[in-house]
Amino acid sequence: MRSNKDKLWYALFTMPLFIIFTTVVIIPFIIGVYYSFISWNGIPADPKVFVGFDNYIRIFHDERFYSSAWHTIKFTILALISVNVFGLLFSLLVTSGLRTSNLARTLFFMPNLIGGLILGYIWKFIFTDIFKFLGNNTGLDHLFFNWLINPEFALYAMVIVFTWQMAGYTMIIYIAGIQGISDETLEAAKVDGANMWQRLTKIVFPLLMPSFTICFFMTLSGAFKIYDVNLSLTNGGPVNSTEMFAMNIFNEIFGYGRYGVGQAKAIVFFLVVAVVTLTQVIITKKKEVQM
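Residues numbered from 1 in each chain as written. Predicted model: local features only at pLDDT ≥ 70, side-chain atom pairs only at ≥ 80, totals over all residues. Heavy atoms only, no water.

Taking an unreviewed UniProt entry as the reference, the protein is identified by name as ABC transporter permease subunit belonging to Paenibacillus macerans. What UniProt states about the protein under its Sequence similarities (unreviewed entry) heading is, verbatim, "Belongs to the binding-protein-dependent transport system permease family." Heading Subcellular location (unreviewed entry) of the UniProt record for the protein holds this comment: "Cell membrane". (UniProt positions renumbered as here; feature names shortened; annotations may be inferred.)

The structure is reproduced here in structure tokens:
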């Protein structure tokens with residue numbers, strides 16, 4: 001049984017975190033739910049009119065909302081694949097016994113330390129100036145051109161930037177999973193005649209399922225909620241071809257002054273992200289149980 005003194009220390013250390021979480025997350029969320037049922041332009045002197053579910057009905061007739069939803073889903077699928085493929089490849093590379101593995105880990109992880117806004121502006125320069133220079137001097141102008149002004153390529157440019165930022169982070173998680181695999185297990189498989197691909201698919205990948213669960217969750221939630229890179233790299237353009245969920249909500253509230261509609265979109269956005277990420281966690285957790 002835990003003594004009263006232990007309970008006191010437990011409460012002393014957890015209460016500040018609980019207060020901060022309640023103040024920063026719970027209370028604003030409840031206020032946001034309230035705003036989603038009113039019509040208000042954000043000006044304190046103007047009245048707040050209760051409209052019930054009209055805001056929710058309105059967003060499902062908003063073609064721009066559907067467009068941003070499709071862009072977000074497409075971006076998330078591409079980012080989920082690219083981030084985890086490169087993160088896994090990097091982790092396998094740096095755990096393969098290279099002499100420069102420590103340097104490689106540092107270089108692969110460094111982009112994650114750069115803020116999203118700064119990262120977007122750096123890559124904006126690359127896509128506009130560096131790509132133009134390469135296209136003019138190599139003759140590959142069909143590949144090296146300003147992707148950010150092309151509606152068909154702008155979204156892929158965002159995927160590249162997000163992958164460059166997140167792959168190193170997922171690499172660290174995969175490295176921890178790989179280092180937790182017993183060397184004896186791999187050696188026994190090697191002695192039994194299993195080649196590299198068989199060892200990866202039959203031993204390493206199944207034992208990395210806990211790492212897959214974490215990395216998939218981090219990638220999904222990060223891709224769905226992306227805003228800073230979206231703002232600095234494309235600002236939703238060209239012609240709203242890269243406007244994501246978060247940017248659409250921000251523009252609805254602060255651009256058009258429709259707080260109620262924007263909050264209704266935010267609630268729908270929260271539910272979508274919660275359902276998708278929880279479903280992913282449940283599926284991958286079941287894979288862990290089956291191993």
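(A) The arrangement of the overall build of the protein in detail. Helix and strand counts for the protein come out as 12 helices and 2 strands. Helices and strands in the protein line up, N terminus first, as α-β-β-α-α-α-α-α-α-α-α-α-α-α. Sorting the 291 residues of the protein into buried and exposed places 38% on the buried side. The long-range share in the protein, meaning contacts at least 24 apart out of those at least 6 apart in sequence, stands at 69%. Only carbon and sulfur atoms are counted for the fraction: they give 70% of the accessible area of the protein, which is about 17100 Å². With 20 positive and 16 negative side-chain charges, the protein shows a separation of 6 Å between the mean positions of the two kinds. (Helix = DSSP H or I, 4+ residues; strand = E, 2+ residues; numbered from the N terminus. Buried < 20%, exposed > 50% of the residue type's maximum accessible area, 1.4 Å probe, protein only. Contact = heavy atoms within 4.5 Å. Areas by Shrake-Rupley, 256 points an atom, 1.4 Å probe, with all protein chains shown as cover. Lys, Arg positive; Asp, Glu negative; His and termini not counted. Charge placed at Lys NZ, Arg CZ, Asp CG, Glu CD.)

(B) Inspection of the packing of helix H3 (residues 63-94) against helix H4 (residues 101-109) at higher detail. For the pair H3 and H4, interaxial distance at closest approach is 9 Å and the crossing angle is 160 degrees. If you check the angle between H3 and H4, you find them roughly antiparallel. Both H3 and H4 take part in a crossing whose hand is left-handed. Taking contact as the criterion, the partners of Phe 90, Leu 93 and Val 94 in H3 are, on H4, Ser 101, Ala 104, Arg 105 and Phe 108. Among the residues making up the contact of H3 with H4, the classes are represented as 5 nonpolar, 1 polar and 1 charged. (Axes fitted to C-alpha atoms, helices over the stretch in contact; angles between N-to-C directions. Parallel < 35°, antiparallel > 145°, perpendicular 65-115°, else oblique. Left-handed = near helix turned anticlockwise from the far one by under 90°. Nonpolar A, V, L, I, M, F, W, Y, C, P; charged D, E, K, R; others polar.)

(C) Layout of the nonpolar core. Formed by 22 residues in total, the largest nonpolar core has its most connected members in Phe 75, Phe 127, Val 161, Phe 162, Ile 226 and Leu 233. Of all the elements in the fold, those that place two or more residues in this core are H3, helix H5 (116-138), helix H6 (154-179) and helix H10 (228-233). For this core, the element with the most residues is H6, which contributes 7 residues. The contacts of Leu 233, once residues within four sequence positions are left out, are Gly 120, Trp 123, Lys 124, Phe 127, Leu 148, Ala 157, Met 158 and Val 161. Of all hydrophobic cores here, the second largest spans 19 residues; its members include Phe 37, Ile 38, Ala 69 and Val 268. (Core = buried A, V, L, I, M, F, W, Y, C linked by side-chain atoms within 4.5 Å.)

(D) Quick peek at the packing of aromatic side chains. All told, the structure shown has 29 aromatic pairs when counted by the stated rule. Taking the centre distance of 6.0 Å and the plane angle of 25 degrees together, the rings of Trp 9 and Phe 13 count as stacked. Highlighted residues: Trp 9 and Phe 13, both in helix H1 (residues 4-35), separated by 4 residues, approximately one helical turn. When the ring of Tyr 35 is compared with that of Trp 40, the centres are 5.5 Å apart and the planes differ by 20 degrees; the resulting orientation is stacked. (Phe/Tyr/Trp six-rings, centres within 6.5 Å; stacked < 30°, edge-to-face > 60°.)

(E) Structural view of the environment of Glu 187. By the element assignment, Glu 187 lies in helix H7 (residues 183-191). Look at Glu 187 and you get partly exposed, because its relative accessible area is 47%. Each C-alpha atom, one on Glu 187 and one on Arg 199, is 9.6 Å from the other, the two residues being 12 residues apart in sequence.

(F) Expanded view of the layout of surface pockets. If you add up the space inside the largest pocket, you get close to 440 Å³. When contributions to the lining of the largest pocket are tallied by element, the ones reaching two or more residues are H6, H7 and helix H8 (196-207). Classifying every residue of the lining of the largest pocket gives 7 nonpolar, 3 polar and 4 charged. Taken as a whole, the second largest pocket spans an internal volume of roughly 350 Å³. Considering the residues around the second largest pocket, the lining is formed by 13 residues, among which Lys 225, Ala 266, Phe 269, Phe 270 and Val 273 are closest to the centre. Breaking the lining of the second largest pocket down by element, the ones donating at least two residues are helix H9 (209-224), helix H11 (245-255) and helix H12 (259-290). Counting residues per element, the lining of the second largest pocket draws most heavily on H12, which supplies 6 residues. For the lining of the second largest pocket, the class distribution of residues is 10 nonpolar, 2 polar and 1 charged. (1 Å grid on protein atoms, 1.4 Å probe; cavity = no way out; pocket = protein on both sides within 12 Å on 5 of 7 lines; lining within 4 Å. Points joined across faces, edges and corners; volume = space filled by probe spheres on them.)

(G) How the structure looks around the packing of H3 against H9. Direction vectors running N to C along H3 and H9 enclose 140 degrees, while the axes themselves pass 9 Å from each other. The crossing of H3 and H9 is right-handed. Along the contact surface, H3 presents Thr 72, Phe 75, Thr 76, Ala 79, Leu 80, Val 83, Asn 84 and Leu 88, while H9 presents Phe 212, Cys 215, Phe 216, Thr 219, Leu 220, Ala 223 and Phe 224. Considering only residue class, the contact of H3 with H9 consists of 11 nonpolar, 4 polar and no charged.

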